[in-house]
Amino acid sequence: MKTHVLVGALFLSTLLLSGCDSLLNDAASHVVKFGLLEECGEEDTVCIEAVESQFDACHEQFKSDWNAYMDAAYSEEDVHLERYSKQVFNCIVDADGDAIFFYDPQG
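Right, let's walk through the structure included here.

Before going further, it helps to spend a moment on the pattern of salt bridges. Scanning the entire structure with this criterion turns up 4 salt bridges. As a salt-bridge pair, Glu 60 and Lys 63 come within 3.9 Å of each other at their nearest N and O atoms. Overall, Lys 63 belongs to the partly exposed group, its relative accessible area being 30%. Among the salt bridges present, the one from Glu 82 reaches Lys 86, with a minimum N-O distance of 3.3 Å. Separated by 4 residues within a single helix, Glu 82 and Lys 86 lie in helix α5 (residues 77–91), roughly one turn from each other. Residue classification places Glu 82 among the partly exposed positions, given a relative accessible area of 27%. Residue Lys 86 is classed as partly exposed on the basis of its relative accessible area of 39%. Taken together, the salt bridges that share partners define one network made up of Lys 33, Glu 52 and Asp 56.

The rules behind each value
- Residues numbered from 1 in each chain as written.
- Predicted model: local features only at pLDDT ≥ 70, side-chain atom pairs only at ≥ 80, totals over all residues.
- Heavy atoms only, no water.
- Salt bridge = Lys/Arg side-chain N within 4 Å of Asp/Glu carboxyl O.
- Buried < 20%, exposed > 50% of the residue type's maximum accessible area, 1.4 Å probe, protein only.
- Helix = DSSP H or I, 4+ residues; strand = E, 2+ residues; numbered from the N terminus.

Next comes the structure, spelled out in structure tokens:
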């Protein structure tokens, strides 16, 4: 996922320089969703279906944390991104209610 994060960061930086905040927010959340789908792999249909069906609602639920990340000063970005990521990762669950992803900021 590190490659996707770098690509996403480059994409986000480009959009940030363009000054289109709503476009930037939408594009960035799509990059996060795409990264989660990549983590699922092509064979894990349970994971793929969970991300496809739950990501938007999870993102909306923790949108205030996402907005804090998007609006944060460079020195504060990591704190806000970690808070958002932990919550969204725990929000996407399997049929038993267990989180599909484990957030590891070192990973």
